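# Topology and contacts: notes
This is what each chain is made of:
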Amino acid sequence: MSRSPVLFRVDADTIAGNESMSRCMVLAAALQRRRRQAYFLSRVEPASQILPLKRGGNEYIAAGQPIGTPADLQETLREIRRLSPAAVVVDSPLVTRQYLETLHRAGVLVVTFDHLARFRFPAGLVVNPLMGPGREDYDHATGTQLLLGERYAMIRPEVRR
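Conventions adopted
- Residues numbered from 1 in each chain as written.
- Predicted model: local features only at pLDDT ≥ 70, side-chain atom pairs only at ≥ 80, totals over all residues.
- Heavy atoms only, no water.
- Buried < 20%, exposed > 50% of the residue type's maximum accessible area, 1.4 Å probe, protein only.
- Helix = DSSP H or I, 4+ residues; strand = E, 2+ residues; numbered from the N terminus.
- Pairing = 2+ DSSP bridges.
- Right-handed = clockwise from strand over helix to strand, strands pointing away.
- Contact = heavy atoms within 4.5 Å.
- Core = buried A, V, L, I, M, F, W, Y, C linked by side-chain atoms within 4.5 Å.

### With respect to the pairing of strand 4 (residues 87-91)
Look at any regular strand and the pattern is simple: side chains alternate between the two faces of the sheet. Most of strand 4 sits out of view: five of its five residues are buried. Alternating positions in strand 4 separate into two faces, Ala87, Val89 and Asp91 on one and Val88 and Val90 on the other, with burial throughout. Pairing of strand 1 (residues 6-9) with strand 4, which is carried by four bridges, proceeds in the parallel orientation. From the neighbouring strand, leucine 7 faces strand 4, where its bridge partner is valine 88. Here strand 4 pairs with strand 5 (residues 109-113) via five bridges, running parallel. Residue pairing for strand 5: valine 90 is matched across the bridge by threonine 112. Taking the sense of rotation as the criterion, the β-α-β connection linking strand 4, helix 4 (residues 97-105) and strand 5 turns out right-handed.

### Here we look at the environment of isoleucine 61
As for its position among the elements, isoleucine 61 is in strand 3 (residues 59-62). Here isoleucine 61 falls in the buried class, since its relative accessible area comes to 16%. Contacts of isoleucine 61, omitting those with residues within four sequence positions, involve Tyr39, Phe40, Leu41, Ser42, Glu79, Arg82 and Leu83.

### Considering the pairing of strand 3
Relative to strand 3, strand 2 (residues 38-42) runs parallel, the two being bridged by four bridges. Residue phenylalanine 40 lies in a different strand from strand 3, and its bridge partner there is tyrosine 60. Of the crossover connections in this fold, the one passing from strand 2 over helix 2 (residues 50-55) to the parallel strand 3 is right-handed.

### What about the nonpolar core?
Membership of the largest hydrophobic core comes to 25 residues, with the highest contact counts inside it found for Val90, Tyr99, Leu100 and Leu103. Among the elements of the structure, strand 2, helix 3 (70-83), strand 4 and helix 4 are those that each provide at least two residues to this core. The element that contributes the greatest number of residues to this core is helix 3, accounting for four residues. If near-sequence neighbours (up to four positions away) are discounted, tyrosine 99 is found in contact with Arg9, Ile67, Gly68, Thr69, Asp72, Leu73, Thr76 and Val90. Formed by 20 residues, the second largest nonpolar core is a distinct cluster that contains Val6, Val10, Ile50 and Leu125.

Listed below in C-alpha coordinates is the structure:
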(Lines give C-alpha, C1' and ligand atoms only; values in the text may rest on other atoms or scores of the structure.)
Protein backbone atom coordinates (compact mmCIF):
# COMPACT_ATOMS: atom_id res chain seq x y z
CA MET A 1 0.00 0.00 0.00
CA SER A 2 1.30 3.43 -0.95
CA ARG A 3 1.77 5.97 1.83
CA SER A 4 1.92 8.95 -0.49
CA PRO A 5 1.19 12.24 1.25
CA VAL A 6 -1.88 14.41 0.78
CA LEU A 7 -1.50 18.04 -0.28
CA PHE A 8 -4.01 20.56 1.04
CA ARG A 9 -4.48 23.84 -0.83
CA VAL A 10 -6.37 26.11 1.52
CA ASP A 11 -5.96 29.66 2.80
CA ALA A 12 -6.82 31.11 6.21
CA ASP A 13 -6.75 34.87 6.37
CA THR A 14 -8.96 37.88 6.89
CA ILE A 15 -10.58 37.38 3.48
CA ALA A 16 -11.09 33.60 3.46
CA GLY A 17 -11.66 33.17 7.19
CA ASN A 18 -10.68 30.06 9.18
CA GLU A 19 -13.53 27.66 8.41
CA SER A 20 -11.83 26.00 5.45
CA MET A 21 -8.56 25.59 7.33
CA SER A 22 -10.33 24.06 10.34
CA ARG A 23 -12.17 21.61 8.09
CA CYS A 24 -8.92 20.57 6.39
CA MET A 25 -7.09 20.17 9.70
CA VAL A 26 -9.80 17.72 10.86
CA LEU A 27 -9.36 15.72 7.64
CA ALA A 28 -5.55 15.84 7.98
CA ALA A 29 -5.78 14.47 11.53
CA ALA A 30 -7.88 11.56 10.27
CA LEU A 31 -5.40 10.87 7.48
CA GLN A 32 -2.47 10.91 9.90
CA ARG A 33 -4.15 8.23 11.96
CA ARG A 34 -3.85 6.18 8.78
CA ARG A 35 -0.16 7.12 8.46
CA ARG A 36 -0.55 9.68 5.68
CA GLN A 37 1.58 12.81 5.87
CA ALA A 38 -0.33 16.05 5.25
CA TYR A 39 1.23 19.07 3.55
CA PHE A 40 -0.55 22.42 3.71
CA LEU A 41 0.26 24.80 0.86
CA SER A 42 -1.38 27.84 2.41
CA ARG A 43 -1.43 31.55 3.09
CA VAL A 44 -2.05 31.92 6.81
CA GLU A 45 -2.66 35.24 8.56
CA PRO A 46 -1.96 35.97 11.32
CA ALA A 47 1.18 33.86 11.41
CA SER A 48 0.34 32.67 14.93
CA GLN A 49 -2.15 30.26 13.32
CA ILE A 50 0.70 28.30 11.75
CA LEU A 51 1.75 26.87 15.13
CA PRO A 52 -1.43 24.76 15.67
CA LEU A 53 -1.08 23.52 12.11
CA LYS A 54 2.49 22.32 12.72
CA ARG A 55 1.70 21.09 16.22
CA GLY A 56 -0.81 18.72 14.62
CA GLY A 57 2.08 17.01 12.79
CA ASN A 58 1.42 18.70 9.44
CA GLU A 59 4.00 20.21 7.13
CA TYR A 60 3.46 23.87 6.24
CA ILE A 61 4.49 25.35 2.89
CA ALA A 62 3.92 29.10 2.56
CA ALA A 63 1.91 29.90 -0.57
CA GLY A 64 3.10 32.91 -2.51
CA GLN A 65 -0.26 33.81 -4.05
CA PRO A 66 -3.91 33.71 -2.99
CA ILE A 67 -5.74 30.52 -3.88
CA GLY A 68 -7.33 30.38 -7.32
CA THR A 69 -4.96 32.74 -9.13
CA PRO A 70 -2.94 31.62 -12.19
CA ALA A 71 0.32 32.05 -10.25
CA ASP A 72 -1.10 29.93 -7.43
CA LEU A 73 -2.06 27.22 -9.91
CA GLN A 74 1.53 27.06 -11.18
CA GLU A 75 2.85 26.92 -7.61
CA THR A 76 0.41 24.12 -6.73
CA LEU A 77 1.40 22.14 -9.83
CA ARG A 78 5.07 22.56 -8.86
CA GLU A 79 4.34 21.12 -5.40
CA ILE A 80 2.39 18.23 -6.97
CA ARG A 81 5.43 17.35 -9.09
CA ARG A 82 7.74 17.64 -6.06
CA LEU A 83 5.63 15.68 -3.53
CA SER A 84 3.80 13.19 -5.80
CA PRO A 85 0.77 13.25 -3.48
CA ALA A 86 -2.01 10.67 -3.51
CA ALA A 87 -4.53 13.53 -3.57
CA VAL A 88 -4.86 17.30 -3.55
CA VAL A 89 -7.57 18.71 -1.30
CA VAL A 90 -8.83 22.14 -2.41
CA ASP A 91 -11.11 24.09 -0.08
CA SER A 92 -12.00 27.55 -1.34
CA PRO A 93 -14.96 29.20 -3.05
CA LEU A 94 -12.44 31.19 -5.13
CA VAL A 95 -11.29 28.31 -7.35
CA THR A 96 -12.69 27.87 -10.83
CA ARG A 97 -13.59 24.88 -12.94
CA GLN A 98 -10.45 25.47 -15.05
CA TYR A 99 -8.30 25.47 -11.90
CA LEU A 100 -9.67 22.07 -10.83
CA GLU A 101 -9.47 20.65 -14.36
CA THR A 102 -5.79 21.61 -14.59
CA LEU A 103 -5.07 19.88 -11.28
CA HIS A 104 -6.99 16.80 -12.46
CA ARG A 105 -4.95 16.68 -15.69
CA ALA A 106 -1.80 16.60 -13.54
CA GLY A 107 -2.75 13.00 -12.73
CA VAL A 108 -3.69 13.40 -9.08
CA LEU A 109 -7.00 12.79 -7.32
CA VAL A 110 -8.62 16.18 -6.73
CA VAL A 111 -10.84 16.45 -3.66
CA THR A 112 -12.96 19.60 -3.58
CA PHE A 113 -15.00 20.98 -0.72
CA ASP A 114 -17.95 22.84 -2.21
CA HIS A 115 -21.39 23.81 -0.97
CA LEU A 116 -22.34 26.17 -3.80
CA ALA A 117 -22.60 23.81 -6.82
CA ARG A 118 -21.44 26.68 -9.05
CA PHE A 119 -20.01 24.83 -12.04
CA ARG A 120 -19.41 21.43 -13.65
CA PHE A 121 -16.86 19.52 -11.59
CA PRO A 122 -14.12 17.49 -13.28
CA ALA A 123 -13.58 13.90 -12.19
CA GLY A 124 -12.49 13.44 -8.61
CA LEU A 125 -14.28 13.77 -5.31
CA VAL A 126 -16.65 16.58 -4.32
CA VAL A 127 -17.55 16.91 -0.64
CA ASN A 128 -20.37 19.16 0.51
CA PRO A 129 -19.71 19.75 4.22
CA LEU A 130 -23.18 21.24 4.72
CA MET A 131 -26.69 19.80 4.51
CA GLY A 132 -27.52 21.23 1.07
CA PRO A 133 -27.70 21.67 -1.87
CA GLY A 134 -28.53 18.16 -2.97
CA ARG A 135 -27.23 15.78 -5.63
CA GLU A 136 -29.58 17.14 -8.31
CA ASP A 137 -27.95 20.58 -8.05
CA TYR A 138 -24.42 19.36 -8.87
CA ASP A 139 -23.19 19.06 -12.45
CA HIS A 140 -20.18 16.76 -12.69
CA ALA A 141 -18.09 14.73 -15.10
CA THR A 142 -18.36 10.98 -15.40
CA GLY A 143 -16.38 9.32 -12.64
CA THR A 144 -16.83 12.13 -10.13
CA GLN A 145 -17.88 10.90 -6.72
CA LEU A 146 -20.19 13.14 -4.70
CA LEU A 147 -20.30 13.02 -0.91
CA LEU A 148 -23.37 15.07 -0.07
CA GLY A 149 -26.23 15.32 2.35
CA GLU A 150 -26.82 14.45 5.97
CA ARG A 151 -24.49 11.45 5.97
CA TYR A 152 -21.43 13.49 4.94
CA ALA A 153 -22.19 16.85 6.56
CA MET A 154 -19.34 17.96 8.81
CA ILE A 155 -21.39 19.10 11.77
CA ARG A 156 -21.25 18.37 15.46
CA PRO A 157 -23.10 15.24 16.59
CA GLU A 158 -25.33 17.21 18.97
CA VAL A 159 -26.50 19.40 16.06
CA ARG A 160 -27.12 16.36 13.86
CA ARG A 161 -29.48 14.89 16.46
